Amino acid sequence: MKIEFKDNFDEWCAFVALPDTSCGFWCDPSVCVVERVCFVYENDRLIAVLPFNYSADTIPFRLGLWRLGSIRGRMLKLIDYEFAVFGSYKRIDIFSSVVVELKKMKSFDVVMADNWPEPESYARNVQATYLIDMPSGFEELLGMLSSNTRQALRRRVRKLNRVCDERLSVRSFSKGHEMEELFGYLCMIWKKSWHGRLSQQPPPSVEFMQRIVRYGWLRFYVLFVDDIPIASVQGYQYNRVFMDEAPAYDEDWKKYSPGLVLNYYILEDLFKSNVPDIVDFGFGYNQYKEMLGNRKEIRGQLWVKTSVKGWVIIGILRFIDVIFSVGKLLLGKGSILRKVKMRMRNGG
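The rules we used
Residues numbered from 1 in each chain as written. Predicted model: local features only at pLDDT ≥ 70, side-chain atom pairs only at ≥ 80, totals over all residues. Heavy atoms only, no water. 1 Å grid on protein atoms, 1.4 Å probe; cavity = no way out; pocket = protein on both sides within 12 Å on 5 of 7 lines; lining within 4 Å. Points joined across faces, edges and corners; volume = space filled by probe spheres on them. Nonpolar A, V, L, I, M, F, W, Y, C, P; charged D, E, K, R; others polar. Pairing = 2+ DSSP bridges. Helix = DSSP H or I, 4+ residues; strand = E, 2+ residues; numbered from the N terminus. Patch = residues over 30% accessible without salt bridge, like charges linked within 9 Å, V, L, I, M, F, W, Y side chains within 5 Å. Areas by Shrake-Rupley, 256 points an atom, 1.4 Å probe, with all protein chains shown as cover. Salt bridge = Lys/Arg side-chain N within 4 Å of Asp/Glu carboxyl O. Expected span 1.5 Å × (residues − 1). Buried < 20%, exposed > 50% of the residue type's maximum accessible area, 1.4 Å probe, protein only. Axes fitted to C-alpha atoms, helices over the stretch in contact; angles between N-to-C directions. Parallel < 35°, antiparallel > 145°, perpendicular 65-115°, else oblique. Contact = heavy atoms within 4.5 Å. Polar contact = N/O pair within 3.5 Å; in protein donor to acceptor, adjacent residues only side chain to side chain.

A. Representation of the layout of surface pockets in the model. Volume-wise, the second largest pocket comes out at about 190 Å³. In terms of lining residues, the second largest pocket is bounded by 13 residues, among which Ser 174, Leu 218, Arg 219, Ser 273 and Asn 274 are the most central. When the residues that make up the lining of the second largest pocket are grouped by side-chain class, the tally is three nonpolar, six polar and four charged.

Here it is in structure tokens:
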């Protein structure tokens, strides 16, 4: 197996377009913006393309919310585990072979692959992620949920409608001429969300959204009271998978669960046209994902050392992970940590 770092997007695009190539949204050359693109060949035949971001900056060491220090290191970060791969080749085998070649190059210290399913022992930030294998209709989907979940969903939808005097509405956005308007709504919600207060997950640019619209992959949703946006979900539908990304809501409406209500309406709308096979709520656990999902995956970040300094970095990270895990047990399964995190999220 041979690897080459190249900036030949034409070759990458042609490879992704092959009928026997499997690729995820975030690893499509029309979507991702990366510094290093790794082409993998076997017997001179291209079998995989891995998009990496490169950093030669400091790698922080954190114990939960607290930063303990950092060390400078050369890191390659794989954008997502669903990189383009040909035929029956397994991504974990490809990734492992690439790491072997990277060690020979001696140009990097650490390689990290994000959002990896069923991670092994050298993974960090391992979490449950929930998906929906879509049935034939919305009512059937609701029937797959527990009776308590169905009642809770409908009760919260009714409550928010009642509070709003039936002025609640949902709009989907998927056309080029809507992107300027959509960007304005996303910014309004973001500024009033905890994401905005912490300057995390800002809305995508109009240019990015217009590019994705041209491929027919953008399917965003916004929840309104009259003409005031109060919640949003960035939706991308690619290869019959709907990715429910970056949910945000105006915190003035927090007690009415606007994010959950919006997801209820989204799932109802997805059955009206261009029905996906799968809804993927993305990496990381949230209660609404568990409520709505009918399939669970364990995902995490794979961290692999490729130099002596990388061995030191990974060793420190693993030691901190052990300390954090022990601390959570001693603090009552993280209850105190959750309270501290909520206080930070709420501004003190």
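Anyway, onward from the coordinates.
B. Quick look at the pairing of strand β7 (residues 75-78). In this structure, strand β4 (residues 45-55) lies alongside β7, joined through four bridges in antiparallel fashion. Note that in β7 the partner of Asn 53 across the bridge is Lys 77. Two strands pair when backbone bridges link them, and β7 and strand β9 (residues 110-117) are joined in this way by four bridges, in the parallel orientation. Residue pairing for β9: Lys 77 is matched across the bridge by Met 112.

C. Molecular detail of a nonpolar patch on the surface. Taken together, Trp 311, Val 312 and Ile 316 make up a surface patch of nonpolar side chains, about 280 Å² in accessible area. On the secondary structure map, Ile 316 appears in helix α10 (residues 308-330).

D. Summary view of helix α8 (residues 258-270). Its 13 residues place the ends of α8 18 Å apart at the C-alpha level, agreeing with the 18 Å of an ideal helix rising 1.5 Å per residue. Most of α8 is tucked away, with 10 of its 13 residues classed as buried. Those residues of α8 not exposed but buried are Pro 258, Gly 259, Leu 260, Val 261, Leu 262, Asn 263, Tyr 264, Ile 266, Leu 267 and Leu 270.

E. Expanded view of the pattern of salt bridges. Taken as a whole and assessed by the stated rule, the structure comprises 19 salt bridges. Measuring nitrogen to oxygen at the nearest pair gives 3.0 Å for the salt bridge that ties Glu 181 to Arg 171. Placement of Glu 181 in helix α5 (residues 179-191) and of Arg 171 in strand β11 (residues 168-173) is noted, with a sequence separation of 10 residues between them. Among the residues examined, Arg 171 registers a relative accessible area of 29% and is labelled partly exposed. Put simply, Lys 192 and Asp 250 hold a salt bridge, and the shortest N to O gap is 4.0 Å.

F. How the structure looks around empty space enclosed by the protein. What the rule picks out here adds up to two cavities of 30 Å³ or more. Approximately 70 Å³ is the volume found for the largest cavity. Every residue lining the largest cavity is listed: Leu 186, Trp 190, His 195, Gln 201, Pro 203, Ser 232, Gln 234, Ala 246, Pro 247 and Ala 248. Take the lining of the largest cavity: its biggest share by element is three residues, from strand β14 (residues 241-249). Tallied by class, the residues present in the lining of the largest cavity amount to six nonpolar, four polar and no charged. There is about 40 Å³ of room inside the second largest cavity. Around the second largest cavity, the lining residues are Phe 138, Leu 141, Leu 142, Leu 145, Leu 153, Tyr 264, Leu 267 and Leu 292. Elements that contribute at least two residues to the lining of the second largest cavity include exactly α3 (138-144) and α8. Sorting elements by how many residues they give to the lining of the second largest cavity places α3 first, with three residues.

G. How the structure looks around the packing of helix α4 (residues 147-163) against α8. It is at 9 Å that the axes of α4 and α8 come closest, and there the two elements cross at 110°. In terms of their interaxial angle, α4 and α8 are classed as roughly perpendicular. Listed contacts from α8 to Leu 153, Arg 154, Arg 156, Val 157, Leu 160 and Asn 161 of α4 are Pro 258, Leu 260, Val 261, Tyr 264 and Tyr 265.

H. Quick look at the side chain of Asp 114. Tracing the sequence through the fold places Asp 114 in strand β9. Overall, the relative accessible area of 15% leaves Asp 114 in the buried class. Here the side chain of Asp 114 touches Gln 301 through a polar contact of 3.5 Å, side chain to side chain. Beyond its immediate sequence surroundings of up to four residues, Asp 114 is in contact with Lys 77, Leu 78, Ile 79, Asp 80, Tyr 81, Phe 283, Gly 300 and Gln 301.

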